[in-house]
Amino acid sequence: MSAPATDARTAHADGVERLLESYRAVPAAASVRLAKRTSNLFRSRAATDAPGLDTSGLTHVIAVDPGARTADVAGMCTYDDLVAATLPHGLAPLVVPQLKTITLGGAVTGLGIESTSFRNGLPHESVLEIDVLTGAGEIITASPIEHAELFRAFPNSYGTLGYAVRLRIELEPVEPFVALTHLRFHALTDLIEAMERIIETGRLDGVAVDSLDGVVFSAEESYLCVGTQTAASGPVSDYTRQQIFYRSIQHDDGAKHDRLTMHDYLWRWDADWFWCSQAFGAQHPLIRRFWPRRYRRSRSYSTLMRLERRFDLGDRLEKLKGRPARERVIQDVEVPIGRTVGFLEWFLANVPIEPIWLCPLRLRGDRGWPLYPIRPQQTYVNIGFWSTVPVGGSEGETNRSIERAVSEFDGHKSLYSDSYYSREEFEELYGGEAYRAVKRRYDPDSRLLDLYAKAVQRR
Ligand SMILES: Cc1cc2nc3c(=O)[nH]c(=O)nc-3n(C[C@H](O)[C@H](O)[C@H](O)COP(=O)(O)OP(=O)(O)OC[C@H]3O[C@@H](n4cnc5c(N)ncnc54)[C@H](O)[C@@H]3O)c2cc1C
């Protein structure tokens, strides 16, 4: 491991001790929560006076081992800090979620995804071991061998089985630049066919493909963004200035080319929170000019969004304009690639939201993960949509219809945002008895919330 690993390990041990002290300070009858400075959870939560655990000493990279291509990372370390520590070694995590404030522990317990997921799977599939603070108040190391049932149930458990305080992850070598080809499609079937071809061959026009995602603006205008890493230097684009990444990919026909540094490629979606910065005027050329560059990042927009929701500004504004309040529809769902065109057609006909993000994924290993049972050897497409629609006749009408459609199209929905499933449906979709068995063993006194209570009942 690289110096100054010893100091970092001591600091980490102090951080774990502070976490444990704060855990012990919570009365035995009370449930516990993490006190984190950032979050990418988008479901509303009931107000709580549950004490927050001290995570302040668990936000750093402990050590990078360039020889073994691994990193030891504290559970609440953001990918921003993680990538900053690995890139100087020419290494990166196998999957780097797009938003800088997503933490490694959050992406493993809450599922993450990115454009390398078609070849590298999901972030938890490159975790070698995890130190977990369990509901029983112990720190244990879970791996494919030790406490294996906890290790396998951890992904998609959202902190309800324990908190990751340290994770050892694999890293992969990366080149300093990414050459991008944006392919334009006029029909969704053509886009999905091209996506399948690239995944099957790992190539586009004979050139190796390292990363793949896409954007749908409408049924007639969609794109695949195909990335190939390269050491060849040359001019690069910078989308933290006046230009906006998602606008840069649009063109009339054929292919458009671009180049980014690896660092800027990894954070290409962060500067405008994909496209969601539009809601705050940050894409208007004049406002953008005066919007400080250091605040062009997802963290600023999510802070603004939380303020907006706290004071209910959006709905008040709609009311002043004589329009109905709006329902938040912020979701990522996974649909088998063979059903993706059908789902997108349903979505475009029923939900007035665009653009839509597409990201293919295949589990890296041969085994499934009980709490998010997507099938090995099957390509899925993650479909992300993050906006609002006019409220319908019942609470969560659009979100509920999306849940039904996801099931009809044989898909799965991630749980970071609003969910409306009945307990029976939820048990069937998210691990049921397998979850309960691990919960009984590692959180015997229910100090941590139950997954259904957290994900659906918004506790
Ligand atoms: C608009 C939007 C777009 C998104 N897009 C993407 C995307 O493109 N790619 C992607 O990968 N993900 C995406 N996500 C989902 C995101 O990865 C998950 O929400 C993830 O769980 C967030 O991690 P976080 O570190 O911010 O955790 P938080 O939001 O702080 O917490 C999420 C949950 O995980 C628990 N938790 C946090 N840290 C730990 C830990 N160390 N151990 C155990 N439990 C813990 C918390 O208790 C909480 O229940 C998106 C989310 C949003 C809102």
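Scroll up for the structure.
Residues numbered from 1 in each chain as written. Predicted model: local features only at pLDDT ≥ 70, side-chain atom pairs only at ≥ 80, totals over all residues. Heavy atoms only, no water.

What is the right way to read the packing of aromatic side chains from this model?
Each aromatic ring pair is specified by the distance between its two centres and by the angle formed by the two planes. Going through the model one piece at a time under the given rule, you end up with 22 aromatic pairs. With 5.6 Å between their ring centres and 65° between their planes, Phe274 and Trp275 make a pair best called edge-to-face. Assessed through its relative accessible area of 5%, Trp275 is described here as buried. An aromatic cluster is present here, built from Phe217, Tyr223, Tyr239, Phe245, Tyr246, Trp269, Phe274, Trp275, Trp357 and Trp386 joined pairwise through their rings. Above the plane of the ring of Trp369 lies Arg152, whose end atom (NZ or CZ) is 3.9 Å from the centre. (Phe/Tyr/Trp six-rings, centres within 6.5 Å; stacked < 30°, edge-to-face > 60°. Buried < 20%, exposed > 50% of the residue type's maximum accessible area, 1.4 Å probe, protein only. Lys NZ or Arg CZ within 6 Å of the ring centre and 35° of its normal.)

What should I look at first to understand the nonpolar core in this one?
General note: in soluble globular proteins, nonpolar side chains tend to be found buried as a group. By size, the foremost hydrophobic cluster in this structure holds 84 residues, and its most contacted members are Ile130, Leu150, Ile169, Trp275 and Phe426. In terms of residues, this core owes the most to one element, strand β8 (residues 162-173), which gives four residues. There are two domains that each give this core at least three residues, and those are domain 1 (3-174 + 440-447) and domain 2 (312-420). Beyond its immediate chain neighbours, meaning those up to four positions away, Leu150 contacts Val132, Ile140, Ala142, Leu161, Val438 and Tyr442. (Core = buried A, V, L, I, M, F, W, Y, C linked by side-chain atoms within 4.5 Å. Helix = DSSP H or I, 4+ residues; strand = E, 2+ residues; numbered from the N terminus. Domains from an automatic or database assignment. Contact = heavy atoms within 4.5 Å.)

Please explain the sheet that holds strand β13 (residues 221-230) as it appears in this structure.
Strand pairing in a sheet relies on backbone hydrogen bonds, with the paired strands running either antiparallel or parallel. With respect to topology, eight strands assemble into an open sheet ordered β14-β9-β13-β12-β16-β17-β15-β18, the strand pairing being antiparallel. The open sheet is flanked by β14 (255-261) and β18 (412-413), the only strands paired with a single partner. The sheet contact formed by strand β12 (residues 211-218) and β13 spans seven bridges and is antiparallel. From the neighbouring strand, Ser218 faces β13, where its bridge partner is Glu221. Along the sheet, helix α6 (residues 188-201) contacts β9 (177-185), β12, β13, β16 (356-361) and β17 (380-390); its crossing angle with β13, the most-contacted strand, is approximately 20°. (Pairing = 2+ DSSP bridges. Axes fitted to C-alpha atoms, helices over the stretch in contact; angles between N-to-C directions.)

In this structure, what is going on with unusual backbone geometry? I would like to understand it.
A negative phi angle characterises most non-glycine residues, just as the trans form characterises most peptide bonds. Of note, the amide linkage connecting Glu354 to Pro355 takes the cis form, showing an omega dihedral of 0°. Considering the arrangement of structural elements, one finds Pro355 in the loop between α12 (340-350) and β16. Even without being a glycine, His147 presents a positive backbone phi close to 45°. When you line up the elements, His147 lands in the loop between β7 (139-142) and α5 (148-153).

Got a minute to help me understand the pattern of salt bridges in this structure?
Any two side chains of opposite charge can pair, so long as their charged atoms come close to each other. Taken as a whole and assessed by the stated rule, the structure comprises 20 salt bridges. One salt bridge in this structure joins Arg9 and Asp72, with 3.3 Å as the shortest N-O distance. Residue Arg9 is found in helix α1 (residues 5-24), and its partner Asp72 is found in strand β4 (residues 70-74); the two are separated by 63 residues along the sequence. On the basis of relative accessibility, which here comes to 34%, the residue Arg9 falls in the partly exposed class. On the basis of relative accessibility, which here comes to 0%, the residue Asp72 falls in the buried class. Residue Arg166 is joined to Asp72 by a salt bridge in which the shortest nitrogen-to-oxygen separation is 3.3 Å. (Salt bridge = Lys/Arg side-chain N within 4 Å of Asp/Glu carboxyl O.)

Looking at this structure, I do not really get empty space enclosed by the protein. What am I missing?
Taken as a whole and judged by the stated rule, the model has three cavities of 30 Å³ or more. For the largest cavity, the calculated volume is near 130 Å³. As for the largest cavity, its lining consists of 18 residues, of which Thr116, Gln229, Met262, Tyr265 and Leu266 are closest to the centre. Secondary structure elements with two or more residues in the lining of the largest cavity: β5 (91-93) and α8 (262-266). Top element by residues in the lining of the largest cavity is α8. It accounts for three residues. A per-class count over the lining of the largest cavity returns ten nonpolar, four polar and four charged. (1 Å grid on protein atoms, 1.4 Å probe; cavity = no way out; pocket = protein on both sides within 12 Å on 5 of 7 lines; lining within 4 Å. Points joined across faces, edges and corners; volume = space filled by probe spheres on them. Nonpolar A, V, L, I, M, F, W, Y, C, P; charged D, E, K, R; others polar.)

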